[in-house]
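The lines below spell out each chain.
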Amino acid sequence: MKSSNQNALSIASLAKTYDNNFKALKGIDLEVSQGDFFALLGPNGAGKSTTIGVICSLVRKSSGTVKVFGIDIDEDFSAAKQYVGVVPQEFNFNQFEKPIDILITQAGYYGIPVPIATERAEKYLKQLGLWEKHNVPSRSLSGGMKRRLMIARALIHEPQLLVLDEPTAGVDIELRRSMWTFLEEINRQGTTIILTTHYLEEAERLCRNIAIIDKGNIVQNTSIKNLIKQLNKETFILDIKEEIKSCPVVSGYPIILTDSHTLEVAVDKNKSLNQLFSMLSEQGIEIVSMRNKANRLEELFIDMVEKNLDKNEGGQDE
Amino acid sequence: MNNQQQWIAFSTIVRREIRRFMRIWPQTLVPPVITMALYFVIFGKLVGSRIGDMSSLPYIQFVAPGLIMMSVITNSYSNVVSSFFGSKFQSNIEELLVSPTPNWIILVGYVVGGMARGLGIGFIVTVLSLYFADFSLNSLPVTIGIVLMTSLMFSLAGLINAIFASSFDDISIIPTFVLTPLIYLGGVFYSIEMLSGFWQTLSMFNPILYMVNAFRYGMVGITDINIMASFAMVGLFSTILFFFALWLLENGSRLRN
């Protein structure tokens, strides 16, 4: 049974080869501590959804072990499933049913009596701003509402591990931020959360630890802080006040003139922005605003995935 | 899951299934009743009055038990096949697969849902038949026993069809090309005593013949088949189908990647 010092999730040597011989997972190891907010990042087809599929029993693993709060899914999957709530990538509820019925039915599958299920359904629908729509057919909900309905459904049995597969895909920024606040709150209350996302800003904002998966292998598994430390260089976009015709030259700072009012500057971690600004100022260039070209994590992510690609291509040549 | 949780999971599936066919009643409840009413009018009254007696019974009395059984069979089958395949198609079967509900509860839940519709329609058609024919029930246990077992068997068959199906065509092939011919050649409209030796022997391989005759015996007291053989046949088929369906769910190859 579950004890307080166990990991929420322990994956060892997990491999999955599909019937068409595609190796989606090539023996990955992953540990997620209780109470963590964990990001699983990777490009399309990297193995994120397969990993989630194995955890929640929608994908049958080829080999390896998966333990949820210390319970081996091969030994007692039914007990392990009680701990897990899943928000899949695609809408997978009956669009003809009402949100309240979807939630009460889902609770029933976990053996929760109707009166308790009804109470919880009302609580989560209210928390996620769906209560006004609890009695309308789900197909009439907007995309964002459908996403929130899937989160409410995943929480109805009050799981201790919540797995979200790109929960904010296609959701507008305002709604995304309100969902972040909600997820942060349930994490604060003790629910371990594993999140896959394409929005690296989302991972940086929400998660404490991260694993990057690519081509069925974990290429990085560390804390977000450690990962950011690995960032050697950041690229900034500078908007300048007066139009310029030629690209300024500043020693130690490679600059590209993208248009007559915009500069792109790559700044090494050990270099100062103050120095850059003063040297540009000396050349009569006045900066009016500055922003990152890409999310910091995104730069690292692209770098790691590209390195993994080079490594694989090198391996194929041998 | 403990016993109480399993009971809740089971009743949830059954409730959801009943809610589904009640919600779409113009598709699920009305058409079979209209079809059967037409059968009663045409075969029972219009054509039946010219046919005269069949196995020493007025034709309407002979044909009515078969028509009731026909509606039980088709509705039990089609409820499970369409509901389960619909869940697969929309992926909401995943709601059940990720839950701790055991496979045998999923199986029994869907089957009981199918039986609820099959027996419900059967009851409505029986009430309808009373308008066209007079019955004095011959054996209540035989009537209830065989109709329950038949509904069970075809609900199981519908589930198996749905597990194998990968398109909407796949869920209409069996009802169209297997079920309908077996029903029409299963003694619903005629007694197999009318057939020559070879065709009589061939008919004995049709499981629906056993069900229709047992039900007819229960209602009006005549049969072409030994009643115990009928129960044995339906019981055997149901047991085989139950374990095959359970194996398919446990194996999961058609539901999980």
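Residues numbered from 1 in each chain as written. Chains lettered and ligands numbered in written order. Predicted model: local features only at pLDDT ≥ 70, side-chain atom pairs only at ≥ 80, totals over all residues.

Q: Explain the overall build of chain B to me, and be specific about the residues and the numbers.
A: Along the backbone of chain B there are twelve helices and two strands. Tracing chain B from N to C terminus, the helices and strands come up as α-α-α-α-β-β-α-α-α-α-α-α-α-α. Radius of gyration (C-alpha) of chain B: 19 Å, near the 18 Å computed for a compact globule of 257 residues. Overall size of chain B, expressed as C-alpha extent along the three principal axes, is 60 × 35 × 35 Å. Within chain B, the proportion of its 257 residues that are buried is 48%. (Helix = DSSP H or I, 4+ residues; strand = E, 2+ residues; numbered from the N terminus. Rg over C-alpha atoms; globule rule 2.2 N^0.38 Å. Buried ≥ 20, exposed ≤ 12 C-beta atoms within 10 Å, placed from the backbone.)

Q: I'd like to hear about the overall build of chain A, residue by residue, with values.
A: Each helix and strand in chain A was counted, giving ten helices and 14 strands. Buried residues in chain A amount to 39% of all 318 residues. Of the contacts formed within chain A by residues at least 6 apart in sequence, a portion of 69% connects residues at least 24 apart. (Contact = placed C-beta atoms within 7 Å.)

Q: Lay out the domain arrangement of chain A with the relevant residues and their values.
A: On domain assignment, one finds that chain A holds domain 1 (9-229) and domain 2 (233-296). On a C-alpha basis, the centroid separation for the pair domain 1 of chain A and domain 2 of chain A is 41 Å. (Domains from an automatic or database assignment.)

Q: Hey, could you go over the pairing of strand β7 (residues 161-165) of chain A for me, with residue numbers and the actual values?
A: All names here are of chain A. Of all the five residues making up β7, five are buried; the element is thus mostly covered by neighbouring parts of the structure. Neither face of β7 is open: one carries L161, V163 and D165, the other L162 and L164, and all of them are buried. Both strand β6 (residues 84-87) and β7 contribute to a ladder of four bridges, which runs parallel. Within β7, the residue paired with V87 across the bridge is L164. Relative to strand β8 (residues 192-196), β7 runs parallel, the two being bridged by five bridges. (Pairing = 2+ DSSP bridges.)

Q: Describe in detail the interface of chain B and chain A, supporting the description with residues and values.
A: Contacts between the two partners involve 23 residues from chain B and, on the opposite side, 24 residues from chain A. The element contributing the most residues to the side of chain B that touches chain A is helix α1 (residues 3-23) of chain B, with seven residues. Grouping the amino acids of the side of chain B that touches chain A by side-chain chemistry returns eight nonpolar, eleven polar and four charged. (Nonpolar A, V, L, I, M, F, W, Y, C, P; charged D, E, K, R; others polar.)

Q: Could you give me a rundown of the sheet that holds strand β5 (residues 71-72) of chain A, with the residues and numbers involved?
A: Residues and elements named next belong to chain A. Read from one edge to the other, the open sheet built from four strands follows the order β2-β1-β4-β5, with strand pairing classed as antiparallel. Lying at the two open borders of the sheet, with one neighbouring strand each, are β2 (23-32) and β5. The pairing of strand β4 (residues 63-68) with β5 spans two bridges and is classified as antiparallel. Paired with K67 across the strands is D72, a residue of β5. Relative to the sheet, helix α1 (residues 48-55) contacts β1 (9-17), β2 and β4, its axis offset from that of β1 by approximately 115°. (Axes fitted to C-alpha atoms, helices over the stretch in contact; angles between N-to-C directions.)

Q: Describe in detail the confidence of the model for chain A, supporting the description with residues and values.
A: Residue and element names in this part refer to chain A. Looking at chain A, pLDDT values average 84 and 90% of them are 70 or higher. Least confident of the elements in chain A is helix α10 (residues 296-317), whose mean pLDDT is 58; most confident is helix α3 (residues 99-109), at 94. This model gives residues 314-318 a pLDDT under 50, and the stretch forms zero contacts once residues within four places in sequence are excluded. (pLDDT = per-residue confidence, 0-100.)

Q: Break down the nonpolar core for me, citing the residues and quoting the values.
A: Counting 146 residues, the largest nonpolar core has A:V68, A:A152, A:V163, A:L195, B:L67 and B:L159 as its most contacted members. If one sorts the elements of this core by residue count, helix α5 (residues 59-90) of chain B sits on top with 16 residues. A:L238, A:L263, A:V265 and A:L280 belong to the second largest nonpolar core, which has five residues in total. (Core = buried A, V, L, I, M, F, W, Y, C linked by C-beta atoms within 7 Å.)

Q: Tell me about the environment of A:V114, residues and numbers included.
A: Residues and elements named next belong to chain A. If you trace the backbone, V114 turns up in helix α4 (residues 114-127). Of the residues examined, V114 has 16 C-beta atoms within 10 Å and is grouped as partly exposed. With ten residues separating them along the chain, V114 and I104 place their C-alpha atoms 6.6 Å apart.

Q: Summarise the sheet that holds strand β10 (residues 217-223) of chain A; cite the residues concerned and give the values.
A: The strands that make up a sheet pair up through hydrogen bonds in the backbone, lying either parallel or antiparallel. Residue and element names in this part refer to chain A. If you walk across this open sheet you meet the six strands as β6-β7-β8-β3-β9-β10, and the pairing is mixed. At either margin of the open sheet sits one strand with a lone partner, and together these are β6 and β10. Within this sheet the neighbouring strands show an average axis-to-axis angle of 15°, counted without direction. Pairing analysis gives six bridges linking strand β9 (residues 209-214) to β10, with the strands arranged antiparallel. Across the sheet, I213 pairs through a bridge with I218, a residue of β10. With respect to the sheet, α1 is in contact with β3 (37-41), β6, β7, β8 and β9, its orientation differing from that of β7 by roughly 145°.

Q: Residue-level account of unusual backbone geometry, with values.
A: Residues and elements named next belong to chain A. Positive phi outside glycine occurs at S13, with the angle close to 50°. Take S13: it is sitting in strand β1. Positive phi, normally seen in glycine, also occurs at F69, with a value near 50°. Mapped onto the secondary structure, F69 falls in the loop between β4 and β5.

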